[in-house]
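Structure assessment
Here is how the chains run, residue by residue.
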There are 2 protein chains.
Amino acid sequence: MMLDERTKQVLFAVIQCYINAPGPVGSRVVTKKFSFGLSPATIRNIMSDLEEMGYLQQPHTSAGRVPTDIGYRYYVDSMRSEKRLINKDFLLELNRKLELLKKDINAFLDEASKMLSYLSHYIGVTMSPNTGITTLDRIELIKYRNDKVAVILFTDEGLIRNRIISVDAALSQRDLNRIAAYISSHFSGRTLEEIRKMVVKELARETVLCDSLVEEAMRICSAVFSVSPGNVYISGLSEVLALPDFCDIDRIKELLKTIEDKHIIVKLLDKIADADGPQVIIGSENPLDEMKTFSIVAATYKEGSRPMGAVGIIGPTRMNYLQAISIVDLTATYITEMLSYK
Amino acid sequence: MMLDERTKQVLFAVIQCYINAPGPVGSRVVTKKFSFGLSPATIRNIMSDLEEMGYLQQPHTSAGRVPTDIGYRYYVDSMRSEKRLINKDFLLELNRKLELLKKDINAFLDEASKMLSYLSHYIGVTMSPNTGITTLDRIELIKYRNDKVAVILFTDEGLIRNRIISVDAALSQRDLNRIAAYISSHFSGRTLEEIRKMVVKELARETVLCDSLVEEAMRICSAVFSVSPGNVYISGLSEVLALPDFCDIDRIKELLKTIEDKHIIVKLLDKIADADGPQVIIGSENPLDEMKTFSIVAATYKEGSRPMGAVGIIGPTRMNYLQAISIVDLTATYITEMLSYK
DNA sequence: TTTAGCACTCTCCATCGTCGAGTGCTAATA
DNA sequence: TATTAGCACTCGACGATGGAGAGTGCTAAA
């Protein structure tokens, strides 16, 4: 639906007022803060139109107006093309962390979530790559003690994962090397998830594997290539509680309950995995009931063209979307670059 | 200070009433719930005495009484020797997790914190061993690509830590093996923290090390043996918000701000590191101002006789201390056992 | 088409008075 | 002497009341 330019400006004015300070926005306030050259009465008429069209709503008769989710959506979509807010401090700070933590993507993601929340004053969320998308580079087996073996997984993305498993104590380090070489050559380049499935299928066949080393290799694989959802880092809960939006105690409880279950966040971020650029989910657009009063801005970071994980911001629907979008976008871009340097 | 038996019973009765439901406890309620064979008037007199001695307090004239931190302290110390509540479900559940996660202490600690909060309905906290107490077993260096080397640290506690660092690209895997063997033999058995200090001292001498491999080894060590505080796992925020104690929004904010800064928790748990058995810190006893309205029950888990890390419960001062103590105690004991099986 | 004026609506907040829980004190009792 | 019944008193919780203020919708004039 198209709005004429003036109506649009009024809508945006209301939204900006509301983002700056919660509480219904009155016609007089709009005329004061923005110079439309119109009187409150005219603004009132326009606001009345906007309400009829569903972009604004009144909490009760004779109160000011509040943007609806539809109003936000229109605002975000219109603003998308406009120039982004570039925060110098943000770039510098992020760069500093980047240097410091180049070596460890998990530590970096932890820091990045703090950064996101610090800059946006909302909740920062980052997610590390999961088994479905990381591909195996090679595997190393190191005899640890007796029957214990340390398994070191190298992925193409520069992640390392390790695990201790038990094997036949009779296996020598030389045997382990052969097994590792076998697994590496056999599965290199495939995603961990694929490998897991292949191994399960292989073992299900129950044919006796002639080579006992291969058999041992399969046993090790089935122990190592389990599904693992990727870590989620969440920061800024206290940041968000300082907002006047969270004066309601039940709202806080609801939010915390949702946030604490990281699976929910994973699901949510997975949904945007294939999209290009920052995605915005506003309030009721959210597929999850628990989150229908919050908004999410999220983007994926990639390795080459393959999406690896996601970063995002969670806040009230009354969120500074433009700022959030640029922060998320920059962060995702940075991580993408970081992965390509490797 | 000694209280005569009857006075003590009344104190405990008040505390138990208060633990079950917050809000001042009146004399009539005490006579109804406990059969002292005394009238409310007598109980009133006793309660008045207890107030004078500092074990109880009145929020305002003509309200019931509320236990003070001193009252709780007396209660906890007296009850210490009594038999512990043993929760069958708890043992079973913990055992199940234990089996599942035997291999990875970090994953286990994560689960354990959830368990602690689930059982106690307060906040569960667990802390993994830090560099100050974990001792090096050996180190492995694996050439990854070009100048990148994966460093795998094995500790005596069965922890593995890995890291990618950059080295001279000319170093072959054979060189790396020699360096790893050198480091392992040189530093094995020392804590990571000790090693870090030794390396710093060594490098500070600035004498040219004749052996270039040794020099390279030192460079690698200084990159790898950095201070790292050990992970903290916190669960049950939403659990605790359901309590009537947290109807005050500022209290929630305060708590979250404290909890979110994990360094604070680390410091707190470190304080109890050398104590034997579960420790209880009640409200104002807490050295940290931010936590003076909360109580903490915590215990260390050990490897042999060396304390490795801590588990604990954070809740309101109106906490079910006996239950919390037994839950914490059991959990710590379990982890200790788990480490000794290894 | 815009604007000034005005009556109307609704929330917020402070005030007030009632209700009930619980105390402290005193005098009676075992 | 220790305990108890009785009673006046205190204080917070809660609901009703009413005025102030912000903001609207409508109408008529510019």
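Look above for the structure.
Residues numbered from 1 in each chain as written. Chains lettered and ligands numbered in written order. Predicted model: local features only at pLDDT ≥ 70, side-chain atom pairs only at ≥ 80, totals over all residues. Heavy atoms only, no water.

The next point concerns the protein's contact with DNA strand C. Neighbouring DNA strand C are 19 residues, the closest being A:Arg6, A:Thr42, A:Ser62, B:Ser27 and B:Arg65. Backbone atoms, meaning sugar and phosphate, make up 76% of the atoms of DNA strand C lying within 4 Å of the protein. Measuring from a phosphate oxygen of DNA strand C, one finds a side-chain N or O atom of A:Arg6 at 2.7 Å. Elements with a contribution of two residues or more to the surface near DNA strand C: helix H3 (40-53) of chain A together with helix H3 (40-53) of chain B. (Near = heavy atom within 4 Å. Polar contact = N/O pair within 3.5 Å; in protein donor to acceptor, adjacent residues only side chain to side chain. Helix = DSSP H or I, 4+ residues; strand = E, 2+ residues; numbered from the N terminus.)

All names here are of chain B. Applying the stated criterion across every chain, the model contains 0 disulfides over all chains. Unpaired in this structure, Cys17 has its nearest cysteine sulfur neighbour in Cys247, at a distance of 20 Å. Judged by its relative accessible area of 60%, Cys247 falls in the exposed class. (Disulfide = S-S within 2.5 Å. Buried < 20%, exposed > 50% of the residue type's maximum accessible area, 1.4 Å probe, protein only.)

Two chain copies, one operation linking them: a rotation about an axis together with a shift along it. Between chain B and chain A, which share one sequence, the superposing operator has a rotation angle of 180° and an axial displacement of 0.0 Å; the RMSD is 0.1 Å. What we have between these two chains is a two-fold relation. Of the C-alpha atoms belonging to chain B, the one lying closest to the rotation axis is found on B:Ile249, 3.3 Å away. Taken together, the interface assignments show that 97% of the residues at the interface of chain B recur at the interface of chain A, consistent with an identical surface on both copies. (Least-squares fit on C-alpha atoms with pLDDT ≥ 70 in both. Contact = heavy atoms within 4.5 Å.)

For DNA strand D, the set of nearby residues contains 19 residues, the closest of which are A:Ser27, A:Arg65, B:Arg6, B:Thr42 and B:Ser62. Atoms of DNA strand D within 4 Å of the protein belong to the sugar or the phosphate in 74% of instances, the rest to bases. For DNA strand D, a phosphate oxygen lies 2.9 Å from a polar atom in the side chain of A:Arg65. If you list the elements that add at least two residues to the surface near DNA strand D, you get H3 of chain A together with H3 of chain B. Element by element, the count of residues in the surface near DNA strand D is highest for H3(B), at 3 residues. When its residues are assigned to classes, the surface near DNA strand D shows 3 nonpolar, 12 polar and 4 charged. (Nonpolar A, V, L, I, M, F, W, Y, C, P; charged D, E, K, R; others polar.)

Residues and elements named next belong to chain B. Across the sheet, which stays open at both edges, the 3 strands sit in the order E4-E5-E6 with antiparallel pairing between neighbours. Each edge of the sheet is formed by a strand with only one pairing partner; in this case those strands are strand E4 (136-145) and strand E6 (160-166). Strand-to-strand twist across the sheet, computed as the mean angle between neighbouring axes with direction ignored, equals 20°. Pairing between E4 and strand E5 (residues 148-155): 8 bridges, direction antiparallel. Paired with Glu140 across the strands is Ile152, a residue of E5. (Pairing = 2+ DSSP bridges. Axes fitted to C-alpha atoms, helices over the stretch in contact; angles between N-to-C directions.)

Residue and element names in this part refer to chain A. Mapping Gly309 onto the fold places it in strand E10 (residues 306-316). The exposure class of Gly309 is buried, given its relative accessible area of 6%. In sequence terms Gly309 and Arg6 are 303 residues apart; their C-alpha atoms lie 41 Å from each other.

On the surface, A:Asp248, A:Asp250, A:Glu254, A:Asp261 and A:Glu290 cluster together to form a negatively charged patch. Along the chain, A:Asp261 falls in the loop between helix H11 (249-260) and helix H12 (262-271). (Patch = residues over 30% accessible without salt bridge, like charges linked within 9 Å, V, L, I, M, F, W, Y side chains within 5 Å. Areas by Shrake-Rupley, 256 points an atom, 1.4 Å probe, with all protein chains shown as cover. Salt bridge = Lys/Arg side-chain N within 4 Å of Asp/Glu carboxyl O. Lys, Arg positive; Asp, Glu negative; His and termini not counted. Charge placed at Lys NZ, Arg CZ, Asp CG, Glu CD.)

On to the interface of chain B and chain A, then. Counting from both sides, the interface comprises 36 residues of chain B and, opposite them, 35 residues of chain A. Each partner contributes to the roughly 3100 Å² buried at the junction of chain B and chain A, and carbon and sulfur atoms together form 62% of this total. Counting across the chain B and chain A interface gives 10 residue pairs in polar contact (both at pLDDT 80 or more). Of all the secondary structure elements, the ones that give two or more residues to the side of chain B that touches chain A are E4, E5, E6, helix H10 (237-241) and helix H11 (249-260) of chain B. Per-element tally for the side of chain B that touches chain A: the top contributor is E4(B), with 7 residues. Residue composition of the side of chain B that touches chain A, by class: 16 nonpolar, 7 polar and 13 charged. (Buried area = accessible area lost by both parts, 1.4 Å probe.)

Going through the model one piece at a time under the given rule, you end up with 12 aromatic pairs over all chains. Centre to centre, the rings of B:Phe12 and B:Tyr74 are 6.2 Å apart; their planes meet at 45°, and the pair counts as tilted. Of this pair, B:Phe12 sits in helix H1 (residues 5-20) while B:Tyr74 sits in helix H4 (residues 69-79), and the two are 62 residues apart along the sequence. Residue B:Phe12 shares its accessibility class with B:Tyr74, and that shared class is buried. Measuring from ring centre to ring centre gives 6.2 Å for B:Phe34 and B:Phe36, while their planes differ by 25°; the resulting arrangement is stacked. We classify B:Phe34 as partly exposed; its relative accessible area is 24%. You can call B:Phe36 partly exposed: its relative accessible area is 26%. Taken together, A:Phe12, A:Tyr55, A:Tyr74 and A:Tyr75 form an aromatic cluster joined through their ring pairs. The side chain of A:Arg138 reaches across the aromatic face of A:Phe154, ending 5.0 Å from its centre. Against the face of B:Phe246 rests B:Arg251, its NZ or CZ located 5.0 Å from the ring centre. (Phe/Tyr/Trp six-rings, centres within 6.5 Å; stacked < 30°, edge-to-face > 60°. Lys NZ or Arg CZ within 6 Å of the ring centre and 35° of its normal.)

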